[in-house]
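Listed below, chain by chain, are the residues.
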Amino acid sequence: MTEKEYRDKLKEKQRIVVKIGSSSLTHMETGKINLEKMERLVRVLTDLLNGGREVVLVTSGAVAAGRKTLQIAGRPEEKSVKQACAAVGQARLMMLYQKLFAEYNQVTAQILLTKYTMINAVSRENAVNTFRELAKMKVIPIVNENDTVSTDEIEFGDNDTLSALVAALIKADLLILLSDIDGLYTDDPRKNKEAGLVTFVPAVTKEILAMGKGAGTSVGTGGMSSKITAAKIAVGCGADMVIANGEDIGNIRKIMEGKSIGTLFPAHRAEDFKLEDYLYTAQYPKY
C-alpha cells in the first residue's frame, strides 16, 4: 500500500494510545505546566472517546511538576531526589487531569506501572483485565511509570517505550507519540538545516535506527532513539505508530482524519511477537 492508503486506514482505528512528553506539557521558558495545552489535550481525548473509540493516555510530567513545586532547578540526577519529585508531581499532575476531564464529565483512572508489573505474568494479566474493564466503563486510563518506587527506570526506558509496551499489552490499533519535534528527520534539524522530515517509514531498518541518534530535552528523557525503539515494539505487536509535534494538540485529530502529519510507521505484526521479549534484561532474566 502507499502512504496515503495507510494514512486513510488511520480513520478506522478504534483503540488508541496517546503518549505526551514532558516538553509538550510544560512552558519552555519556565518549565511549569502548560494548562491551556493540557485542556486542549483533555478535550480532544474526550471527544475521541465520545466518538466511540477506546483511549489510553500515557503521560510524562510528574518529575517536572514535582521539581517545580519543590523549587529544584534542573533535572534531578540522584534517584532519591527524582523519586521525591515524582511523588509530589504525580499527585499534582493527576489532580489537574481529573479537574480538566471533569469539565467534560469524563471519568479517568490512574495506572502506575513498573517493569515488575510487566515481567510477572500474573500482575501483567491483572493489568490487562484492569484496562479491559475500564474500557467497558468508558473510563480513560492515565498511565505513567511508578517512578516513586521503581528502581529500574533505565531498563524500562522512558515513556516512549512504556507507551509502546502498553499498546502491545492492550492490543491497541494505533500509538501516537506527541513530541517536541515534527517527526523523524534524516538528521538532527536543530543542528542541520538541511535535515528533511521522513513522513513514512515502511520498515525500521538499520538506516532508520541510525537517524534516531540524539538526546532529549531538559525536561524530558526521550530522544528520537527511544521513539524508534517504541516503533519497533508497536509495529511488531500490530499497531500503527505516528510521531507528531505536541505543540499542536490538534495534530491528534488530524492524524485520525488521515492527514499527513508527522512520521507514520505502519504495523507489520510479527508472527513470533512476544511482549516478554522486550522486557527481560541481564538483570531480569526469564524465570
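Up top is the structure these notes are about.
We now turn to the structure provided with this report. (Residues numbered from 1 in each chain as written. Predicted model: local features only at pLDDT ≥ 70, side-chain atom pairs only at ≥ 80, totals over all residues. Heavy atoms only, no water.)

## A look at the sheet that holds strand S8 (residues 240-245)
Taken together, the seven strands give an open sheet; going across it, the order is S3-S4-S2-S1-S5-S8-S9, and neighbouring strands pair in mixed fashion. Strand pairing shows two members of the sheet lacking a second neighbour, strand S3 (108-113) and strand S9 (263-265), which therefore form its edges. In this sheet, adjacent strand axes meet at a mean angle of 20 degrees when their direction is disregarded. As judged from the six bridges shared by strand S1 (residues 15-20) and strand S2 (residues 54-59), these two strands associate in the parallel manner. Across the sheet, residue Ile 16 finds its bridge partner in S2, namely Val 55. (Pairing = 2+ DSSP bridges. Helix = DSSP H or I, 4+ residues; strand = E, 2+ residues; numbered from the N terminus. Axes fitted to C-alpha atoms, helices over the stretch in contact; angles between N-to-C directions.)

## Observations concerning helix H5 (residues 79-102)
The end-to-end C-alpha distance of H5, which contains 24 residues, comes to 34 Å, matching closely the 34 Å that a straight helix rising 1.5 Å per residue would cover. Of all the bends in H5, the greatest, near 25 degrees, is centred on Gly 89. Residues of H5 that are buried: Gln 83, Cys 85, Ala 86, Gly 89, Gln 90, Leu 93, Met 94, Tyr 97, Leu 100 and Phe 101. (Expected span 1.5 Å × (residues − 1). Bend = angle between axes of the 7 residues up to and from the residue. Buried < 20%, exposed > 50% of the residue type's maximum accessible area, 1.4 Å probe, protein only.)

## What to know about the environment of Ile 33
Structurally, Ile 33 can be placed in the loop between helix H2 (22-25) and helix H3 (35-50). For the pair Ile 33 and Met 137, spaced 104 residues apart in sequence, the C-alpha separation works out to 29 Å. Ignoring anything within four residues of it in the chain, the contact list for Ile 33 reads Leu 25, Thr 26, His 27, Met 38, Ala 65, Leu 93 and Leu 96. (Contact = heavy atoms within 4.5 Å.)

## Observations concerning the packing of H3 against H5
In contact at an axis separation of 9 Å, H3 and H5 are set at 55 degrees when each is read in the N-to-C sense. Relative to H5, the element H3 lies oblique. In terms of crossing hand, the pair formed by H3 and H5 is right-handed. Where H3 abuts H5, its residues Leu 35, Met 38, Glu 39, Leu 41, Val 42, Leu 45 and Thr 46 lie against Leu 96, Tyr 97, Leu 100 and Phe 101. Of the residues in the contact of H3 with H5, the class split is nine nonpolar, one polar and one charged. (Parallel < 35°, antiparallel > 145°, perpendicular 65-115°, else oblique. Left-handed = near helix turned anticlockwise from the far one by under 90°. Nonpolar A, V, L, I, M, F, W, Y, C, P; charged D, E, K, R; others polar.)

## Describing the packing of helix H9 (residues 159-169) against helix H11 (residues 224-237)
Packing of H9 against H11 leaves a shortest axis separation of 8 Å and a crossing angle of 5 degrees. The orientation of H9 relative to H11 falls into the category roughly parallel. Listed contacts from H11 to Asp 160, Thr 161, Ala 164, Leu 165, Ala 167 and Ala 168 of H9 are Ser 226, Lys 227, Thr 229, Ala 230, Ile 233, Ala 234 and Cys 237. Here the contact of H9 with H11 is built from residues that sort into eight nonpolar, three polar and two charged.

## Structural notes on unusual backbone geometry
One non-glycine residue, Asn 105, adopts positive backbone phi at about 60 degrees. Among the structural elements, Asn 105 can be located in the loop between H5 and S3. A relative accessible area of 71% means that Asn 105 is categorised as exposed. A positive phi angle, near 55 degrees, is found at Lys 171, a position not held by glycine. Along the chain, the position of Lys 171 falls in the loop between H9 and strand S5 (174-179). The class of Lys 171 is exposed, set by a relative accessible area of 62%.

## Here we look at the pairing of S1
With respect to burial, S1 is a largely interior element, five of its six residues being buried. Here S1 runs beside S5; their pairing, made up of five bridges, is parallel. The residue bridging Ile 20 from the neighbouring strand is Leu 178, located in S5.

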